[in-house]
Amino acid sequence: MSTIVLLTVTGLGLGALYFLVASGLSLIYGLMGVLNFAHGSFLTLGAFAGWEFARRAGADNWWTFLGSLLVGAVVGALFAAFTEFVLIRRLYERHIEQVLVTVGLSLASVALFDGIWGTDTIHISGPAWFRETTGILGAQIANDRFVAIIAAVIVLLGLVFFLKRTRYGMIIRAGVESRSMVTALGIDVRKAFTLVFAIGGAAAGLGGVLASHYFQYVSPLLGGSLLIFAFIVTVIGGLGSLTGAAIASVVVALLQQFANFYLNGTGDFVVVVALALVLLFRPSGLLGRKS
Amino acid sequence: MSQQPQPHPEAANPAATGGPAPATAQTAAQSTTQATALHPAAPQPGHARPVLEIAGLTAHIAGQQVVEDVSFSVPATGITALLGRNGVGKTSTIKAVIGLISRTGSVTLDGERIDKEPTFKIIRRGVGYVPEDREVFSKLTVAENLRLAERDASPRRQLVEELFPDLLKRASQMAGTLSGGQQQMVSLARALLNENKLLLIDEPTKGLAPKIVQEVAETLERAAETVPILLVEQNLQVVRQLAAGAVVLSGGKVVHTTDSALGFLDNEDLTQRLLGVHADAGHGEEADRNGAQK
Amino acid sequence: MTTSKTDPQSEAQPDPQQATAGSAAQGATAATAAGQRRNRKGQHDGGAAAGGRTLLKWGAGGAGVVLLALLPLLNLSLPGVLPGPTYTPGSLQLLAMCMLMAAAALSYHLLLGVTGLLSFGHALYFGAGVYGLGVILDTFDIPLLPAMGLTLLLVIVLAHVVGAVGLRVTGIPFAMVTLAFAEAGHVLVGRNPGQATGGEEGLTLATDNLPEALLGVANTRNLYWLALIVLLVVFAVVTWVQFSRAGHVAAAVRENELRVRVIGLQPYLIKLLVFVVGGVLASAVGMVYLLLQSGAVPRSLSADFTITLLVMVVLGGVGSRWGAIIGGVFYTLLDQRLTSLAQSEAIAGLPDILRIPLSEPLFILGTLFILVVLFLPGGITGAVQRATLSRGQRRQAAARQRQALENAE
Ligand SMILES: Nc1ncnc2c1ncn2[C@@H]1O[C@H](COP(=O)(O)OP(=O)(O)OP(=O)(O)O)[C@@H](O)[C@H]1O
Ligand SMILES: [Mg+2]
């Protein structure tokens, strides 16, 4: 029993990280049709920024941690908005070229991170409480899992509120269905593009800081490894669906954890098999619209 | 340019329509020869400046030319019909006008060039667009669909509520779950909410039951009292009822313009050649066929 | 009351096929006719271009191949490009690598350029060739050729399975799915299952059953010739597929899948065929790569490697076989030069703000790639082609070249 609880909570923590990456990916794809390969770089830069902040602030206390979350999110958002504004926008509606540009950006940025911070992983530590454990139903669970889960839930609720209750949220939801019709109502949908990139970048940056605590290191490759699972999550959840991304994040992470434990380390394959099954029986994903 | 609604030829009676035919045909021929101008964009005498002037408009989709050197203008009052068989480029022309597909050529709205502007700016200049397949946002509620369309500081909610009382009752229903007719109401309402200089309406009666077709036609007639409309319409009976002038496309080109839509429709020879139908015969059947082709 | 008469021929619709069609079927017929027109046009263009310059092209091509074949016997120097005269093993190794990358890029061209499939998992087949052969040679006591045959068999099965699943979606989702499958392969190899793949360290080529002629530095030129043969074979197969009936249908699928369906063909099967052929070619290249490198590392299965192929094809020019070859060669040489530049004294002395970016070859290549995508539609071959055109034609050509890429969706 305690193993199951442990695996579940750890899986939820991992799912939280997936969601923080996948939510932005899915929104960006849903609204703009852009597959953003640079999303992992938003995360990595957020993680490094958060780490640099924490390092300079010195103390490993809660305030430093919260500050690093904020810094990670802001840096991720700025990087993403810059990407949209400088690279994506001039390739409006040319989706393949947009993908290629993000591929180039991801190559170049990861190489640059390598140059700046080195290729070795850097171990980090947060508030002491993170290293302690909490007992739930007999399982001893590392506290940083809870932080990731809570952060992801807050982000999810915040996004849902934003999408449902604000005018820009409405524009984004409408744009996911039809960009051209939104412009045909006299709305400058490009503002929504920048905004969606910024939001996605912020979530990824936040996810980067949390991931660096979850895995206890930062490295230029941090984003890339999470990105691939985030891709899988968005396809399984249904491209463009936030709820789909949330559900798929949890499902994928739990599958992975349980398979890793019970089927001796085959988690990644089980996930790919799950992806294949979803494609065979529901090509548009769990909650995707039929195309 | 008299604009009398024609008697409803539902009970298709060849004798009834056959009676006055020679006279109508003659006037039609006259007005048509005058209006089938070599330079269709030339301003029509006796009218204020056209609200929309199109000259040399060309557009491509996926490397294929779908609008070829199209020139015509839309008078500042009344309804102008844009006619033609399926796939001749009516929808593409309208989309090219508001920049939904990339285009070259000159488009002038109310005296100002708009052909280099992005879609949203053109719309904000005062253009209402009702797309061919309604394109309501299916996962937004009716109320949200309408709110999204509000551009003016004081949108005309009253008018819309009056025209489409049904929508008020369904304000919180997802637009995707509405019936086709109700979706068309939402789509029309989105355009009518704002003060416009011009409405571009693409096949508003497509796939609707005869009764709803009449309702839509009446709504358009009422709207046309205050704003000029460029209307794509396959239902020739509706065209008869509403349109003053007409522009006919074929193969992406303008092949005919007239300031008397009636005259055109009564000219059997022309309609036969350009639309491939016998304008007077079997409107109901023709509407069915249009529906079935989609 | 007969309104559904045969359409009369109107002056604006001179197309006889369309005019004779009953109006109910008009939409479909128009689409078919347009498709046929386009096909005819494509063949005509190809025919005219080939007709005029065929001889010249084949002559130049033949001479080029002969020159390439003779290089190991010649003493030519290309300072700044090759590390030494052409007969030295170092230069031959680099040239062989260029040819293998060109061949791999060609196999990717078959997917992206011909059929419009944006795969992010092409490395899976290349890597399957590398690791398949490596593991088989390491595990079983069989000679090289049967081992290669066995590897090909495995790749054919693998490509069918992944293709069958992945092609259920198109466009961007297809890219993601192929990426996921390739990543599964990458992870698998890294995990070192059954101690077969050597994990992150990689696998050293087992030489027990290899012919002497392929072993040792002194025999690099044999490997060079092998690489040349692979390039020629891949080029021939790609040319053959591209201009076969299947290739024409594939091109039509790229331009407008719906239209192909309307004509009554099965885009899915055609795409699967091209996907499998592309995978098999990539794996063949991968096998020779294993011999040339005397080993395998997980990177050959990684998304990074697929992206490298993508960068090559885009740099060279999407849609052109020569583009893929030029891109492959150009990228390999540039990567090599940049790597030695990064380690040079000149760079080490620069201030951080210059030193850090310049000492990262991938930063420079990534930036270059972005610039090409933004400002050089059609890549290198596209730019060369445009240089021979007048100003007005140039713009049209650029638009067409952009379209070539956008069709890939
Ligand atoms: N997205 C597209 N891709 C390829 N071709 C297109 C596309 N949209 C339109 N076309 C082509 O452009 C031409 C004109 O289409 P358009 O929709 O403007 O015709 P239409 O006159 O509005 O027809 P209908 O009466 O059926 O609505 C058609 O031949 C059509 O096949
Ligand atoms: Mg239309």
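For the structure, check the block above.
Residues numbered from 1 in each chain as written. Chains lettered and ligands numbered in written order. Predicted model: local features only at pLDDT ≥ 70, side-chain atom pairs only at ≥ 80, totals over all residues. Heavy atoms only, no water.

**Details of the overall build of chain A**
Rules: Under the scheme used here, helices are H or I runs from DSSP no shorter than 4 residues and strands are E runs no shorter than 2 residues, and both carry numbers assigned from the N terminus. Partly exposed residues are those whose accessible area sits between 20% and 50% of the maximum for their type, while under 20% is buried and over 50% is exposed, using a 1.4 Å probe and protein chains only. Note on contacts: a residue pair qualifies if any of its non-hydrogen atoms lie within 4.5 Å across the two residues. Calculation of accessible area relied on Shrake-Rupley with a 1.4 Å probe; when residues are assessed, cover is drawn exclusively from the protein chains displayed. Think of it this way: Lys and Arg go in the positive column, Asp and Glu in the negative one, and His and the chain ends go nowhere. To locate a charge, take NZ of a lysine, CZ of an arginine, CG of an aspartate or CD of a glutamate.
For chain A, the count of helices and strands is 12 helices and four strands. Along the longest, intermediate and shortest principal axes, the C-alpha atoms of chain A span 55 × 45 × 35 Å. Taking all 291 residues of chain A together, 63% fall into the buried category. Taking all contacts inside chain A whose residues are at least 6 apart in sequence as the whole, residues at least 24 apart take part in 76%. Total accessible area computed for chain A in this model is approximately 10500 Å², and 70% of it derives from carbon and sulfur atoms. The positive charge centre, built from 17 side chains, and the negative charge centre, built from 12, are 12 Å apart in chain A.

**Notes on the overall build of chain B**
Each helix and strand in chain B was counted, giving 13 helices and 10 strands. Long-range pairs, those at least 24 residues apart, make up 70% of the contacts in chain B between residues at least 6 apart in sequence. With an accessible surface of roughly 12600 Å², chain B has 52% of that area assigned to carbon and sulfur atoms.

**Some details on the site of ligand 1**
Residues and elements named next belong to chain B. How we decide: We call a residue near a molecule or strand as soon as one heavy atom of that residue lies within 4 Å of the molecule or strand. Nitrogen and oxygen atoms within 3.5 Å of one another constitute a polar contact, given that in protein one can donate a hydrogen and the other can accept it, and given that sequence-neighbouring residues count only through two side-chain atoms. Just so you know the grouping, Ala, Val, Leu, Ile, Met, Phe, Trp, Tyr, Cys and Pro go in nonpolar, Asp, Glu, Lys and Arg go in charged, and all remaining residues, Gly too, go in polar.
The local shell around ligand 1 holds 14 residues, among which Gly-87, Lys-90, Thr-91, Ser-92 and Glu-132 are the closest. Separating an oxygen atom of ligand 1 from a backbone N or O atom of Gly-87 is a distance of 2.7 Å. A distance of 2.5 Å is found between an oxygen atom of ligand 1 and a side-chain nitrogen or oxygen belonging to Ser-92. Out of a free accessible area of 630 Å², ligand 1 has 65% covered by protein chains. In terms of residue count, helix H3 (residues 90-97) provides more of the shell around ligand 1 than any other element does, three residues in total. Class assignment of the residues belonging to the shell around ligand 1 gives a composition of three nonpolar, six polar and five charged.

**Side note on the pairing of strand E9 (residues 245-250) of chain B**
Residues and elements named next belong to chain B. This is how it is decided: Any two strands with at least two DSSP-identified bridges between them are counted as paired.
By the criterion of burial, E9 is predominantly enclosed, with six of the six residues buried. On E9, burial covers both faces: Gly-245, Val-247 and Leu-249 on one face and Ala-246, Val-248 and Ser-250 on the other are all buried. The pairing of E9 with strand E10 (residues 253-258) spans five bridges and is antiparallel. Counted as the bridge partner of Ala-246 is Thr-258 from E10.

**Section: the sheet that holds strand E7 (residues 198-202) of chain B**
Backbone hydrogen bonds are what pair the strands of a sheet, in a parallel or an antiparallel way. Residue and element names in this part refer to chain B. Worth spelling out the cut-off: Axis geometry follows a simple rule: fit a line to the C-alpha atoms, using only the stretch in contact for helices, then measure angles between N-to-C directions, giving values from 0 to 180 degrees.
An order of E6-E7-E8-E3-E9-E10 is seen for the six strands of this open sheet, with the pairing classed as mixed. With one partner strand each, in any of the chains shown, strand E6 (127-130) and E10 form the two edges of the open sheet. Ignoring strand direction, the axes of neighbouring strands in this sheet form an average angle of 15 degrees. Strands E6 and E7 of the sheet are contacted by helix H8 (residues 180-192), whose axis makes an angle of about 170 degrees with E6.

**Topic: the packing of helix H2 (residues 39-57) of chain A against helix H3 (residues 62-88) of chain A**
Residues and elements named next belong to chain A. Definition in use: Throughout, a crossing is termed right-handed when the near helix is turned clockwise from the far one, and left-handed when it is turned anticlockwise from it by less than a right angle.
Contact pair H2 / H3: the axes reach a minimum separation of 7 Å and the direction vectors enclose 145 degrees. Where H2 crosses over H3, the two elements pack in a sense that is right-handed. On H3, the residues touching Ser-41, Phe-42, Leu-45, Gly-46, Ala-49, Gly-50, Phe-53, Ala-54 and Ala-57 of H2 are Thr-64, Gly-67, Ser-68, Val-71, Gly-72, Val-75, Gly-76, Phe-79, Ala-80 and Thr-83. Broken down by class, the residue content of the contact of H2 with H3 amounts to 10 nonpolar, nine polar and no charged.

**Quick notes on the coordination of the magnesium ion (ligand 2)**
Residue and element names in this part refer to chain B. For the record, the criterion: Think of the donor list as every N, O and S atom within 2.8 Å of the metal, or within 3.2 Å for Na, K and Ca; water never makes the list, so a site can look incomplete.
Those donors, Thr-91 (OG1) and Glu-132 (OE), are the protein atoms that reach the magnesium ion (ligand 2), and they lie 1.8 to 2.3 Å from it. One end of the pair, Thr-91, is in helix H3; the other, Glu-132, is in the loop between E6 and helix H5 (142-149), with 41 residues separating them in the sequence. Of the two residues examined, Thr-91 and Glu-132, each falls in the buried class.

**Brief notes about H2(A)**
For clarity, the threshold we go by: In this scheme, a helix's expected span is set at 1.5 Å multiplied by one less than its residue total.
The first and last C-alpha atoms of H2(A) sit 27 Å apart over 19 residues, in line with the 27 Å expected at 1.5 Å per residue. Just beyond H2(A), the residue with positive phi is Gly58(A), at close to 85 degrees.

**Regarding the pattern of salt bridges**
Stated precisely, the cut-off is as follows: Each reported salt bridge corresponds to a side-chain nitrogen of Lys or Arg within 4 Å of a carboxyl oxygen of Asp or Glu.
Applying the stated criterion to the full structure yields 24 salt bridges over all chains. In this structure, the salt-bridge partner of Arg94(A) is Glu97(A), at a minimum N-O distance of 3.2 Å. Of the charged contacts, one joins Asp115(B) and Arg113(B) as a salt bridge, the two residues approaching to 2.6 Å between their closest N and O atoms. On the accessibility criterion, Asp115(B) (5% relative accessible area) is buried. Residue class for Arg113(B) comes out partly exposed when judged on its relative accessible area of 48%. Beyond isolated ion pairs, a larger network of salt bridges with shared partners links Glu52(A), Arg55(A) and Arg56(A).

**Topic: the packing of aromatic side chains**
Applicable threshold: Pairing of aromatic rings covers Phe, Tyr and Trp, the last through its six-membered ring, and needs centres within 6.5 Å; plane angles under 30 degrees mean stacked, over 60 mean edge-to-face, and all others mean tilted. Should the NZ of a Lys or the CZ of an Arg lie within 6 Å of a ring centre and within 35 degrees of the ring normal, that charge is described as sitting over the ring.
This model, assessed by the stated rule, comprises 20 aromatic pairs over all chains. Seen in terms of ring centroids, Phe48(A) and Trp51(A) are 6.4 Å apart; in terms of plane orientation they differ by 75 degrees. Their pairing is edge-to-face. Here Phe48(A) pairs with Trp51(A), and both are found in helix H2, just three residues apart, close to one helical turn. Their ring planes at 25 degrees and their centres at 4.4 Å tell us that Phe126(C) and Phe305(C) sit as a pair that is stacked. Of the two residues, Phe126(C) is situated in helix H4 (residues 123-139) and Phe305(C) in helix H11 (residues 303-316); the sequence distance between them amounts to 179 residues. Across this residue pair, the class does not change: Phe126(C) and Phe305(C) are buried. An aromatic cluster is defined as three or more aromatic residues linked by ring pairs; in this entry it consists of Phe48(A), Trp51(A), Phe113(A) and Trp117(A). One Lys or Arg, Arg55(A), reaches over the ring of Trp51(A) and ends 4.6 Å from the middle of that ring. Directly above the aromatic system of Tyr214(A) lies the positively charged group of Arg145(A), at a separation of 4.2 Å from the ring centroid.

**What about the interface of chain A and chain C?**
Formally: When two parts are brought into contact, each loses some accessible area as probed by a 1.4 Å sphere; the total of that loss over both is the buried area.
Facing 40 residues of chain A, the contacting portion of chain C comprises 39 residues. Sorting the residues of chain A by area buried against chain C places Ile96(A), Leu100(A) and Leu107(A) first, and these three jointly supply 18% of that buried surface. Linking chain A to chain C there are one salt bridge. Among the ionic pairs, Arg191(C) bridges to Asp268(A), the shortest N-O distance being 3.2 Å. Applying the counting rule to chain A against chain C returns three residue pairs in polar contact (both at pLDDT 80 or more). Of all elements in the fold, only helix H4 (95-117), helix H10 (222-237) and helix H12 (267-281) of chain A reach the threshold of two or more residues within the side of chain A that touches chain C. For the side of chain A that touches chain C, the element with the highest residue contribution is H4(A), accounting for 16 residues. Grouping the amino acids of the side of chain A that touches chain C by side-chain chemistry returns 28 nonpolar, six polar and six charged.

**Some remarks on a nonpolar patch on the surface**
All names here are of chain C. Let me state the cut-off plainly: Patches here: salt-bridge-free residues with over 30% relative accessible area, like charges joined within 9 Å, nonpolar side chains (Val, Leu, Ile, Met, Phe, Trp, Tyr) joined within 5 Å.
Nonpolar side chains collect at one region of the surface, where Val-66, Leu-67, Leu-70, Leu-73, Leu-74 and Leu-76 lie side by side and expose about 500 Å² of accessible area between them. Structurally, the position occupied by Leu-70 is in helix H2 (residues 26-70). On the basis of relative accessibility, which here comes to 40%, the residue Leu-70 falls in the partly exposed class.

**Notes on the sheet that holds strand E5 (residues 112-113) of chain B**
Residue and element names in this part refer to chain B. With respect to topology, four strands assemble into an open sheet ordered E2-E1-E4-E5, the strand pairing being antiparallel. Each edge of the open sheet is held by one strand with a lone partner, namely strand E2 (64-74) and E5. With two bridges joining them, strand E4 (residues 103-109) and E5 adopt antiparallel strand pairing. Bridge pairing links Thr-108 to Arg-113 in E5. Running at roughly 110 degrees to strand E1 (residues 52-61), H3 makes contact with E1, E2 and E4 of the sheet.

**Overview of the packing of helix H1 (residues 2-32) of chain A against helix H9 (residues 189-215) of chain A**
Residues and elements named next belong to chain A. Condition: Under this scheme an angle from 65 to 115 degrees is roughly perpendicular, one under 35 degrees roughly parallel, and one over 145 degrees roughly antiparallel; angles in between are oblique.
Contact geometry of H1 with H9 gives a least axis separation of 9 Å together with a crossing angle of 165 degrees. Put simply, H1 runs roughly antiparallel to H9. Helix-helix and strand crossings are classified by hand; for H1 and H9 the assignment is left-handed. Within the contact of H1 with H9, the residues separate by chemical class into 18 nonpolar, six polar and no charged.

**Here we look at the side chain of Ser106(B)**
Position of Ser106(B) among the secondary structure elements: in strand E4. Excluding residues within four positions of it along the chain, Ser106(B) makes contact with Glu53(B), Ile54(B), Ala55(B), Arg113(B) and Asp115(B).

**What to know about unusual backbone geometry**
Residue and element names in this part refer to chain B. Backbone geometry places Asp-69, a non-glycine residue, at a positive phi of 50 degrees. The topology assignment puts Asp-69 in strand E2. According to the relative accessible area criterion, Asp-69 is exposed, its value standing at 54%. Despite not being glycine, Glu-203 shows a phi value in the positive range, around 45 degrees. By the element assignment, Glu-203 lies in the loop between E7 and helix H9 (210-223).

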